[in-house]
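Structural features, examined
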Amino acid sequence: VIRPWLSESIRGTAFLAVPLSVIALIANATATPAELRTVVNFFVALVLVLSIQSFSGNSGIVSFGHVAFMGVGAYTAALLTIPPAIKSFILPNLPSVIGDAHVGFVPAVLIATAVGAFVAALIGLPLTRMEEGAMAMATIGVLVIFFVVFDNWDAVTRGSTGVFGIPRHTTLTSAVVLSLIAIFVCRLFRESNTGLKLRASRADPVAAEALGANVVRLRYIAWILSGAIMGMGGAIWAQYNLAFDPKQFFFTQTFNILAMIVVGGLASVSGAVIGALTVTLTTEVMRRVEDNAGIPGLTQMAVALLILFVLYRRPDGLVGRSEVDDLLGRRLAWPRFARR
Amino acid sequence: MSSQEALQQLINALSLGSTYALLALGLAMVFSILGLVNFAHGELVTVAAYTIYIENEYGLAFPVQVISAVAAASVAGVLMERIAFRPLRGASFVTLLFSSFAISVIIQNLFLALVSPRQKGVPMPNVFNDAIHFGGTYSIGWLPVITTVTCLLSLVVLTLFLRRSVQGLGMLAASQDFAVTRLMGISANRVIMAAFAISGGLAGVAAIFILARRGTVEPTMGFNPVLKAVISSVIGGLGSLSGAVVGGFVLAFIEVTLDATLPIGAAPFRDAFALLIVVAILYFRPEGLLRRAVER
């Protein structure tokens, strides 16, 4: 007998996997190189958004700091995959263990995931103890701390100049597979016992605590999980974009990812997917308009207006609180109920 | 450290702290009444700074620039509430937070599109660059002194207003319990409008000194101020007015002490160290320095 949380996670993932695979297949068959880039970047962004979903969606606490873990994953992957010859040139002061390291895609992603989880575990220790509002604010501190470190730790990150020479290991296939894994993991966590209790604490932390849920512990678990997913996202992002500097892990990136989760809806995994899709489409269209009209900032403004519009009309996001497959399941089941 | 150096650093900390205090107080005032952490608070600083920049281009007198900058920030605060936040009144913490985040980005990009994406220099009066010289080689800049005096004066005026006038008492009461205050016959819209006007005005005053320090305007210049304001108010206890002021000074003292004591190699990491100390403070007092843990 398959447990209900497992069957629901499988069903939910399958439900999202079908349209996503169709997009990937069409892109693979017909897209121009530029369009293909957009599609791969969409799947990479999906992993980043899902990371925020796994924490904020279940706990109800906003995080502005997750991009820091993306940076941790990206730098980890970069240090592991840049050929040692280039590394000895651009980062001569690196310890030889890392300087001589040269690993493939899978180990780089796995190690980055682990490092993301580890760093999140350290940071989460003080953070998850805080009251919800204060924690959301403290995550901004996390964003800044990591930015300052990336920007100044010349021996390891090459400071504000950034790193280059990362081999392009991320392909459309690997991006799709990893984003589907992320969807499955997020859905699994959402339906799990821990996820359920955490969602209860989202609705009312005091009541959840009174019923025996250790809210701080639940938040801590979700925080580490989201750190791991973010580390993975950062690793595949780095291995697709090949060169980056610390500014990539600051305010703009945070805004882009949060825009996706807000537009789609924080509370559900399908919301993250729909949000990523909507914002990517808006950005692509607006970027062309911006280029043609010659007005800088138009794209960001449009995305910000999209956020406001959604918050005014549907504060829970386009998808809302339930998963798409749950909603559809209910629709399909309803006539049978009615007949009885 | 000699006593003159100590005095210098003390003045630096006080001037920085009083700027942070003004920013944090404005943020806390809106938060305590509406439950909104206004991310676009930093953009009020930007509005004031660009007002000075534009009037400077037209050659207006400096006092006029200052007064109109404060007024512009104040009006911008009120407009922000009218246009963007009023439709969301009563929405959840997260919804409000995201909406202010979006508004902040919209305003930034408006300046970017309408003025310029690049930094623009703004010449300030010479007095800000002068220093008071003491017998020896030590001197104290006029800028930190003027900053401290002006900001403290604004705090005193605001405290008098809050404690002595009906409107002010209404706002203090609203910051503690908005629902009951409304039952006492205080108009919700007036309290909220006043909160945004004051919050904008305080940001405008702070903006003058922020501008005098950096000497340039750019669309994203509001990020650092709002960051400091948020951190200060979290140190003091989110939603506590006196806590925000205390938090501002605590943050400034941490930063100035780090500046004076960190070895040169570690100096670029100053903000990271400062925030680590803040996180450590919050680890031991998750509710902030001045806020008692209350039953919810």
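Up top you'll find the structure we're talking about.
What you see is a predicted model, and the numbers here were worked out from it, not measured in a lab. (Residues numbered from 1 in each chain as written. Chains lettered and ligands numbered in written order. Predicted model: local features only at pLDDT ≥ 70, side-chain atom pairs only at ≥ 80, totals over all residues. Heavy atoms only, no water.)

Considerations on the interface of chain A and chain B
Each partner contributes to the interface: chain A provides 41 residues, whereas chain B provides 42 residues. Both faces combined, the contact of chain A with chain B buries some 3800 Å², and carbon together with sulfur accounts for 83% of it. Viewed at the interface, chain B and chain A are joined by three residue pairs in polar contact (both at pLDDT 80 or more). Counting residues per element, the ones that place at least two in the side of chain A that touches chain B are α6 (105-127), α7 (132-152), α13 (251-264) and α15 (298-313) of chain A. If one sorts the elements of the side of chain A that touches chain B by residue count, α7 of chain A sits on top with 12 residues. A per-class count over the side of chain A that touches chain B returns 32 nonpolar, six polar and three charged. (Contact = heavy atoms within 4.5 Å. Buried area = accessible area lost by both parts, 1.4 Å probe. Polar contact = N/O pair within 3.5 Å; in protein donor to acceptor, adjacent residues only side chain to side chain. Helix = DSSP H or I, 4+ residues; strand = E, 2+ residues; numbered from the N terminus. Nonpolar A, V, L, I, M, F, W, Y, C, P; charged D, E, K, R; others polar.)

A short note on the nonpolar core
Among the nonpolar cores identified, the biggest contains 211 residues, and F43, L46, M137, I183, F244 and F249 of chain A together with M171 of chain B are the most heavily contacted of them. Tallying contributions element by element places helix α8 (residues 188-214) of chain B first for this core, with 17 residues. Sequence-distant contacts of F43 of chain A, defined by excluding residues within four places in its chain, comprise L20, A24, L172, A175, V176 and S179 of chain A. (Core = buried A, V, L, I, M, F, W, Y, C linked by side-chain atoms within 4.5 Å. Buried < 20%, exposed > 50% of the residue type's maximum accessible area, 1.4 Å probe, protein only.)

Remarks on the packing of aromatic side chains
Across all of its chains, the model carries 25 aromatic pairs over all chains by this definition. What links up through ring pairs into an aromatic cluster is the set F55, F69, Y75, F146, F150, W223, W237, F244 and F249 of chain A. Sitting over the ring of Y240 of chain A, R168 of chain A keeps its end group 4.5 Å from the ring centre. A cation over a ring is seen here: R182 of chain B above F178 of chain B, with NZ or CZ 5.9 Å from the ring centre. (Phe/Tyr/Trp six-rings, centres within 6.5 Å; stacked < 30°, edge-to-face > 60°. Lys NZ or Arg CZ within 6 Å of the ring centre and 35° of its normal.)

What to know about the environment of I146 of chain B
Residue and element names in this part refer to chain B. Of note, I146 is situated in helix α5 (residues 142-164). In this structure, the C-alpha to C-alpha distance between I146 and I231, residues 85 residues apart in sequence, is 24 Å. Apart from the residues within four sequence positions on either side, I146 is in contact with V127, F128 and F209.

Considering unusual backbone geometry
Residues and elements named next belong to chain A. Although it is not a glycine, R158 adopts a positive phi angle of roughly 60 degrees. With respect to the helices, strands and loops of the structure, R158 is situated in the loop between α8 (154-157) and α9 (172-191). In the Ramachandran plot, L242 falls in the positive-phi region, its phi being about 70 degrees despite a non-glycine side chain. With respect to the helices and strands, L242 occurs in the loop between α12 (215-241) and α13.

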